[in-house]
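Breakdown of the fold
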Amino acid sequence: QLLEPVVVKAVNDQYDMDFELFEAKRDEKAFYILEDVGMGATPDAQSNSTNILLECKTTGYNNLLNWSVIPNLQYVIQLYVQMMCVDCPNGWLACLGTDLTQTEQKLNLPLRTIRVLRDPEIDAIINGEVARFWKSIHDQKSFRVNRVLSAELEWRLLFNYTKA
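Procedures and definitions
Residues numbered from 1 in each chain as written. Predicted model: local features only at pLDDT ≥ 70, side-chain atom pairs only at ≥ 80, totals over all residues. Heavy atoms only, no water. Core = buried A, V, L, I, M, F, W, Y, C linked by side-chain atoms within 4.5 Å. Buried < 20%, exposed > 50% of the residue type's maximum accessible area, 1.4 Å probe, protein only. Helix = DSSP H or I, 4+ residues; strand = E, 2+ residues; numbered from the N terminus. Contact = heavy atoms within 4.5 Å. Pairing = 2+ DSSP bridges. Phe/Tyr/Trp six-rings, centres within 6.5 Å; stacked < 30°, edge-to-face > 60°.

1. Focus: the nonpolar core
- Residues Met39, Leu53, Val76, Tyr80, Val116, Ile126 and Leu157 are the most contacted members of the largest nonpolar core, which totals 30 residues.
- Mapped onto this core, the elements with two or more residues apiece are β3 (39-41), α3 (61-69), α4 (73-86), β6 (90-98), β7 (111-117), α5 (120-138) and α6 (147-158).
- Considering every element that reaches this core, the biggest residue donor is α4, with nine residues.
- Ignoring sequence-local partners within four residues, the contact set of Ile126 consists of Met39, Ile77, Tyr80, Met84 and Leu153.
- Counting 14 residues, the second largest nonpolar core, distinct from the first, contains Val11, Met17, Leu21 and Cys56.

2. Notes on the pairing of β6
- Within β6, eight of the nine residues are buried, which leaves the element mostly enclosed by the surrounding structure.
- Where strand β5 (residues 52-60) meets β6, nine bridges bridge the pair, whose relative direction is parallel. Paired with Leu54 across the two strands is Trp92, which belongs to β6.
- One ladder, built from seven bridges, connects β6 with β7; its direction is antiparallel. Considered in β7, the bridge of Ala94 is made with Thr113.

3. Focus: the packing of aromatic side chains
- Following the criterion strictly, the structure yields six aromatic pairs and no others.
- Where Phe133 meets Phe143, the ring centres are 5.4 Å apart and the plane angle is 85°; that geometry is what we call edge-to-face. In this pair, Phe133 is assigned in helix α5 and Phe143 in the loop between α5 and α6, connecting sequence segments 10 residues apart.
- Look at Phe133 and you get partly exposed, because its relative accessible area is 31%.
- A residue is classified by how much of its surface remains accessible, and Phe143, at 30% relative accessible area, is partly exposed.
- An angle of 55° between the planes, with centres 5.3 Å apart, marks the rings of Trp155 and Phe159 as tilted.
- Taken together, Tyr15, Phe19 and Trp92 form an aromatic cluster joined through their ring pairs.

Note that every value here comes from positions in space, so none of it alone points to a role or purpose.
The structure is reproduced here in structure tokens:
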């Protein structure tokens, strides 16, 4: 959370956007809940003019190189759930590379950003699995991830983003 303002500024500067941290708008971390589904999320930032969410991440340079090819799907699903909870049609996932060994005075912080769109079929998979989870809790039964749906969700997420 310490570097979220840095990521927001980098994205705003690079893409001429107006993202602002949720805490800056409300003076506290916002938690959004889909009560009918039983799911919640805490988004990092939102554009004031375009209704786009921004999820901020930082990582070392080598991880960023890997991330440039295929983003970490855990972060994509995190952003996607945030988009569902806030009822936002799209979001950006931004990852800022950090180099703690850099010796130059001017920071060189590479930024990788992807755009993710809502998809009714992805929504249905997530909502169905969350409902199945809560049913297992209610029935006091163990919950097992449906590997077939998990694989389908991964596949759909891989084809549901574009590079910014």
